[in-house]
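Structure assessment
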Amino acid sequence: MNSSQGVRMIGTEFLDVAGGRLAYEVAGPKDGPLVVCAHGMGDTRKVFRFLAPLLAGAGHRVAAIDVRGHGESSTGWPDYSPRSIGTDLLALVRHLGGPAVLVGSSSSAGAVAWTTATAAEGEVSAVAMLAPFVGQPRLGLMLRLVKDLVMASPLLWGMYYRSLYPTAKPADLPGYLRDLRATLRGPGRMAAVSGVVAPSEGHWTDCAPRMTCPVLIVMGSKDPDFPDPAAEARLAGEVLRPYAATAEVAMIEGAGHYPHAEMPEATFAALAGFLAGAVRA
């Protein structure tokens, strides 16, 4: 593994697109192959604080974005669907200069699928989907009520978020959660969280026939968001294999919903060979 020492950090930059302003940060060599990382709902680009330096240290130009309504990006967007977030990611790829490998976590795993489906040929070289939801969760009345309460409260969201690290909670997680709750208390932030999972037209699996680039599915073996994480990962691979150039599955043993933050070295190891192949192609 290459050292991440000396990684170039630009700091927060902004991109204005239709509907609002997107915040992002770039690390790594200016001429490195582009990797765009997008977090899931209720999080910020800082969830890639461990993985981005590893990727940058390996020679990649890594752009981590605050998806619309989250982090330092603006609120008040017309919608927060993965499909719309996918258009934002494509705008960032074009702004920074592709081709790009897209890394999407949780809800943004669906967003990168939409990006890939709408990108011009050659703009997206490969896709890594971290903890993608293949189907729509089916919750009972009580669980739906709890979900609504959690997504209306920064405090409850922080408690739920902590539970998604079942094995190796990062040492800085308490401070990370304090900062995350403070961000989510801002006007319009929890509306954005709810907006990401609000019913919307289409699911990322509808994009599968247009996802012809190589795809890597990364799943934590203890992801509490799935009754059987390995089965969900296999299903994602089965959906994509008829269309994708390759559709690989990497299980991160012991990790939960955020393997890139809970076990970044293991996640990087899973990504490294995949990214090398994508860059060569």
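Our subject in this report is the structure included herewith. Note that the structure is a prediction, hence the values are computed from the model and not measured.

Criteria and thresholds
- All residue numbers refer to position in the chain's written sequence, counted from 1.
- Only residues with pLDDT of at least 70 get local features here, since the model is predicted, and only at 80 or more are side-chain atom pairs given and counted; chain-wide, interface and lining totals rely on the full set of residues.
- Values reported for side chains reflect all heavy atoms of the structure, with hydrogen atoms and water molecules removed beforehand.
- Exposure categories follow from relative accessible area, calculated using a 1.4 Å probe and restricted to protein chains: below 20% of the type maximum is buried, above 50% is exposed, and the middle band is partly exposed.
- The helix count covers DSSP runs of H or I at least four residues long, the strand count covers runs of E at least two residues long, and both are numbered beginning at the N terminus.
- The reported arc concerns the directions from the helix axis to the C-beta atoms and nothing else.
- Here a Phe, Tyr or Trp ring, Trp counted by its six-membered ring, pairs with any other such ring whose centre lies within 6.5 Å, and the pair is stacked when the planes are under 30 degrees apart, edge-to-face when over 60, and tilted otherwise.
- Put simply, a charge is over a ring when the Lys NZ or the Arg CZ is close to the ring centre, within 6 Å, and near the line of the ring normal, within 35 degrees.
- Residues enter a nonpolar core if they are buried and are Ala, Val, Leu, Ile, Met, Phe, Trp, Tyr or Cys, with the set joined through side-chain atoms within 4.5 Å.
- The criterion used for residue contact is that any of the two residues' heavy atoms lie within 4.5 Å.

As a further point, take helix 5 (residues 154-162). Helical periodicity: at 3.6 residues per turn, an α-helix aligns residues three or four positions apart in one direction. Within the sequence span of helix 5, burial applies to Pro154, Trp157, Gly158 and Tyr161. Projected onto a plane normal to the axis of helix 5, the buried residues spread over an arc of 100 degrees and lie on a single side. Exposed positions of helix 5 whose direction lies more than 90 degrees from the buried face are Leu155 and Met159.

Each aromatic ring pair is summarised here by two numbers: the centre-to-centre distance and the angle between the ring planes. Applying the stated rule across the entire model yields six aromatic pairs. Each ring, one from Trp157 and one from Tyr160, has its centre 5.4 Å from the other, and the planes form 50 degrees; the classification is tilted. You can see Trp157 and its partner Tyr160 sitting in helix 5, three residues apart, about one turn around the helix. The partly exposed category is assigned to Tyr160, whose relative accessible area is 27%. Through successive ring pairs, a cluster of aromatic residues spans Tyr161, Tyr165, Tyr176 and Tyr258. A cation over an aromatic ring shows up here: Arg49 above the ring of Tyr176, its NZ or CZ 4.0 Å from the ring centre.

What follows is about unusual backbone geometry. In this structure, Pro99 follows Gly98 across a cis peptide bond, with omega equal to 5 degrees. Note that Pro99 resides in the loop between helix 2 (82-96) and strand 5 (100-105). Backbone geometry at Ala131 places phi at a positive 55 degrees, although glycine is not the residue there. Mapped onto the elements, Ala131 comes out in the loop between strand 6 (124-130) and helix 4 (141-150).

As a further point, take the nonpolar core. The nonpolar side chains of soluble globular proteins are, as a tendency, buried together. Val36, Phe48, Val127, Met129, Tyr161, Met211 and Leu240 are the most contacted members of the largest nonpolar core, which has 89 residues in total. Once residues within four sequence positions are removed from consideration, Met211 is found in contact with Ala113, Thr116, Val127, Met129, Trp204, Leu240, Tyr243 and Ala244.

Locating Ser107 in the fold gives a position in helix 3 (residues 107-118). For Ser107, the residues in contact, after removing those within four places along its chain, are Gly40, Met41, Pro82 and Val196.

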